[in-house]
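Single-letter residue listing:
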Amino acid sequence: GVARTDPGRFGETAIQSLVISASGVTINGVSVRGSITYPGAGFPSGIYVIGNNFSLVNSVLDGPSSATGILTQPVTGLDIGDNLIEGYGRGGYVSGDNTSGAVHDNQFQGDGAGSGTGLQNGIYLETSHVTLDGNTFDGIDGGSIFFNPHGPDPVDLETIILNTTITDSGVDRPIQVL
């Protein structure tokens, strides 16, 4: 089955964590279960992206609550799609005001509002150059989307957050603009 549509499915290859420093890397069908604190990173993550044109597809990220599923430095050409992201404290953190790309068709899966376990927060964006399209946020205890754009000014959320489904959220404002 496809990772985002079959929560019982594991990726073909199980790994602890990944650091992507080369450009043009595609990761397809892995299961990431751990985390690493890479030198220069602000906090631990399952996947740490430094290289441009990185693509993560058809994978399962399910790691410790003390880490973030995927953390980027300022990169271009980011493509994160058709994944199941659960377990981590935060599903993703896309940093850098000029980071560009798309996070699309992913399942961000928590354990239910008020559970205090599972994915606590969905994704944090520091850029207005990455679109969120076709993602589902379900059972997230905290916020689903945190948006802190560093430009351009003004920002139109209707061109950035598209076709998004949020269910069973634990907060009154699951999309927060910081």
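Up top is the structure these notes are about.
Quick caveat, the model's predicted, so the values are computed rather than measured. (Residues numbered from 1 in each chain as written. Predicted model: local features only at pLDDT ≥ 70, side-chain atom pairs only at ≥ 80, totals over all residues. Heavy atoms only, no water.)

Student: Tell me about the pattern of salt bridges, and please be specific about residues and values.
Tutor: When the charged atoms of two side chains lie near each other, side chains of opposite charge can form a pair. Applying the stated rule across the entire model yields one salt bridge. Residue Asp-62 is joined to Arg-33 by a salt bridge in which the shortest nitrogen-to-oxygen separation is 2.8 Å. A residue pair is termed long-range when its members are at least 10 positions apart, and Asp-62 in strand S7 (residues 60-62) and Arg-33 in the loop between strand S4 (30-32) and strand S5 (45-49) qualify at 29 residues. Accessibility expressed as a relative area gives 24% for Asp-62, which makes it partly exposed. (Salt bridge = Lys/Arg side-chain N within 4 Å of Asp/Glu carboxyl O. Helix = DSSP H or I, 4+ residues; strand = E, 2+ residues; numbered from the N terminus. Buried < 20%, exposed > 50% of the residue type's maximum accessible area, 1.4 Å probe, protein only.)

Student: Tell me what's going on with the packing of aromatic side chains, and back it up with residues and numbers.
Tutor: Summed over all chains, the structure comprises five aromatic pairs. Each ring, one from Tyr-38 and one from Tyr-48, has its centre 5.3 Å from the other, and the planes form 35°; the classification is tilted. Taken together, the residues Tyr-38 in the loop between S4 and S5 and Tyr-48 in strand S5 connect sequence positions ten residues apart. With a relative accessible area of 3%, Tyr-48 lands in the buried category. When the ring of Tyr-93 is compared with that of Tyr-124, the centres are 4.5 Å apart and the planes differ by 10°; the resulting orientation is stacked. Of this pair, Tyr-93 sits in strand S11 (residues 90-94) while Tyr-124 sits in strand S14 (residues 121-125), placing them 31 residues apart in sequence. For the pair shown, Tyr-93 and Tyr-124 are each scored as buried. Each residue in the set Phe-43, Tyr-93, Tyr-124 and Phe-146 is aromatic and connected to the rest through ring pairs, giving one cluster. (Phe/Tyr/Trp six-rings, centres within 6.5 Å; stacked < 30°, edge-to-face > 60°.)

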